[in-house]
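Understanding the architecture of this molecule
Here is how the chains run, residue by residue.
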Amino acid sequence: MQKRAPPGMNLRELRIENLRVLARAEFALAPGWNVFTGPNGAGKTSLLEAAYLLSHGRSFRTAAREALARDGSGGYAVFGEVEFAGGRSRVGLARTARGLVAKVDGADVAIADLLRRTAVLCFEPGSHELIAGASDERRRYLDWGVFHVEHAFLSVWRRYQRVLKQRNALLRRLVDRSELAPWDHELARAAEPLAAMRRAYFDTLVPYVRGLLVELLPELGEPTIEFEPGFDDSASLERTLADRMERDLARGHTSRGPHRADWSVGFEAARRRDHLSRGQQKLGAFAFVLAQARLFAAQEGEWPIICLDDLASEVDVEHQRRLLRSVARSGAQVLLTGTEEPSALEGIVPDPARFHVEQGRVERLS
Ligand SMILES: Nc1ncnc2c1ncn2[C@@H]1O[C@H](COP(=O)(O)OP(=O)(O)OP(=O)(O)O)[C@@H](O)[C@H]1O
């Protein structure tokens, strides 16, 4: 675990065009805490969504792709000026008629190159899904972390997806069963590095998560955190695929492999995720988000930017204070939203930069 807080990556300026209610917003951010308040529907979450887009290429609101562009605009754009340990960079992402376009310092780049530049993690009202929802969210969470540590991850992941797609297509139109064997072999080969990278990352992450869970939810007792690779990785995946061929043929898709990977968390006092209250699921999710930020800081030498959206929803004041204290100990730039400034900030974050948001307009207050 890290001993001294390294500096944080800083979003110094943000310019947003046609993102939801934000027709055009342009403002400078402070290096430490930035607190955005304003009425419901003002555009506060959309500001965080803009920052998150620069780091993930998608929104944290599920199935939001279509809803992002402001009604009648046909596309959106987000530009940021990011300060790193090694300098500054202008980053941008736009949805245009030709699809998603990414830019770094004025040049068109592959989306992955943009995402590698900016690291933004977000804790928001839907974050409980990370604990209680479908496995896709947990895989995406895991893969974001692996992507930043392992430069080969993207090509490994793409190769696996390509072979999986081909095997699935074959399962649906198979005439001769012997045609599957080479694909089982290919899939098993492609699965190996993917599963190994995920497991290695998860193993490194676990101590960070455990520490935070004990700090935030001591009332639930000792946590159990497990990685599930999506197949029995003590046996050969090729063999498993062959053994399950008839089942896979009946279903028309591959039932085992890293595309089914998942992870789980339980506690002495709540063995299963559905034994947790909504607030506890949120705090659990927060532990995973902040653990990922801490690990990123330890591995990359600088903190990612942390977004906290509508913190007060479903988290009581005492837990909010625990959570805020753990973020305040980091060197991260923080973007926090709420209809009001949370009272829990008092004594923990002495003098944040304050912004008022109303009808898509952002104004710096202090
Ligand atoms: N594609 C769109 N085009 C235009 N307006 C949109 C679009 N999508 C969402 N909106 C509007 O944007 C606003 C949503 O903003 P946002 O969720 O950022 O608000 P907020 O300030 O976080 O609100 P709350 O406090 O309720 O969470 C709503 O008024 C919504 O109607």
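Calculation rules
Residues numbered from 1 in each chain as written. Predicted model: local features only at pLDDT ≥ 70, side-chain atom pairs only at ≥ 80, totals over all residues. Heavy atoms only, no water. Helix = DSSP H or I, 4+ residues; strand = E, 2+ residues; numbered from the N terminus. Buried < 20%, exposed > 50% of the residue type's maximum accessible area, 1.4 Å probe, protein only. Contact = heavy atoms within 4.5 Å. Lys, Arg positive; Asp, Glu negative; His and termini not counted. Charge placed at Lys NZ, Arg CZ, Asp CG, Glu CD. Near = heavy atom within 4 Å. Polar contact = N/O pair within 3.5 Å; in protein donor to acceptor, adjacent residues only side chain to side chain. Areas by Shrake-Rupley, 256 points an atom, 1.4 Å probe, with all protein chains shown as cover. Axes fitted to C-alpha atoms, helices over the stretch in contact; angles between N-to-C directions. Parallel < 35°, antiparallel > 145°, perpendicular 65-115°, else oblique. Nonpolar A, V, L, I, M, F, W, Y, C, P; charged D, E, K, R; others polar. Domains from an automatic or database assignment. Buried area = accessible area lost by both parts, 1.4 Å probe. Salt bridge = Lys/Arg side-chain N within 4 Å of Asp/Glu carboxyl O. Pairing = 2+ DSSP bridges. Phe/Tyr/Trp six-rings, centres within 6.5 Å; stacked < 30°, edge-to-face > 60°. Lys NZ or Arg CZ within 6 Å of the ring centre and 35° of its normal.

1. Re the overall build of the protein chain
For the protein chain, the count of helices and strands is 10 helices and 14 strands. On the principal axes, the C-alpha backbone points of the protein chain span a range of 70 × 50 × 35 Å. Put simply, the protein chain has 366 residues, and 54% of those count as buried. In the protein chain, the proportion of contacts linking residues at least 24 apart, taken out of those at least 6 apart, comes to 70%. Between the centroid of the 52 positive side chains of the protein chain and the centroid of its 50 negative side chains there is a distance of 3 Å.

2. Describing the site of the ligand
Neighbouring the ligand are 16 residues; Gly41, Lys44, Thr45, Ser46 and Ala67 lie closest to it. In the model, a nitrogen atom of the ligand is placed 3.4 Å from a nitrogen or oxygen of the Arg20 side chain. For the ligand, the protein covers 70% of the area, taking 650 Å² as the surface of the free molecule.

3. Regarding the packing of helix H9 (residues 278–300) against helix H10 (residues 317–328)
Viewed as axis vectors pointing N to C, H9 and H10 meet at an angle of 5°, and their least axial separation amounts to 11 Å. Comparing the axis directions of H9 and H10 gives the class roughly parallel. Between H9 and H10, the contacting residues are Leu283, Phe286, Leu290 and Arg294 on the first element and His319, Leu323, Ser326 and Val327 on the second. For the contact of H9 with H10, the class distribution of residues is 5 nonpolar, 2 polar and 1 charged.

4. Some remarks on the domain arrangement of the protein chain
Considered domain by domain, the protein chain is made up of domain 1 (1–119 + 304–366) and domain 2 (137–299). Here the C-alpha centroids of domain 1 and domain 2 sit 28 Å apart. Taken together, the 25 residues of domain 1 in the interface contact 26 residues of domain 2. Buried area between domain 1 and domain 2, both sides added, is near 2,200 Å², and the carbon and sulfur share of it is 64%. Counting every contact that joins domain 1 to domain 2 gives 4 salt bridges. Glu219 serves as the salt-bridge partner of Arg322, at 3.5 Å between the closest nitrogen and oxygen. The tally of links between domain 1 and domain 2 comes to 7 residue pairs in polar contact (both at pLDDT 80 or more). Mapped onto the side of domain 1 that touches domain 2, the elements with two or more residues apiece are helix H1 (44–56), helix H2 (111–117), strand S11 (305–308) and H10. Tallying contributions element by element places H10 first for the side of domain 1 that touches domain 2, with 5 residues. For the side of domain 1 that touches domain 2, the residue count by class is 12 nonpolar, 8 polar and 5 charged.

5. A short note on the sheet that holds strand S8 (residues 120–123)
In space, the 6 strands of this open sheet follow the order S8-S11-S12-S3-S13-S14, with mixed pairing throughout. Every other strand in the sheet has two partners, leaving S8 and strand S14 (361–364) as the edge strands with one partner each. The mean angle between the axes of side-by-side strands here comes to 20°, regardless of whether they run parallel or antiparallel. In terms of strand pairing, S8 meets S11 through 4 bridges, oriented parallel. If you follow Leu121 over to S11, its bridge partner there is Ile306.

6. Looking at the pattern of salt bridges
Tallied over the full model, the rule gives 27 salt bridges. Here the salt bridges share partners, and the residues they tie into one network are Arg12, Glu81, Glu83 and Arg88.

7. Notes on the packing of aromatic side chains
Applying the stated criterion across every chain, the model contains 11 aromatic pairs. An aromatic cluster of at least three residues, connected via ring pairs, comprises Tyr141, Phe202, Phe227, Trp263 and Phe288. Here Arg138 stacks its cationic end above the ring of Trp263, 5.9 Å away from the centre of that ring.

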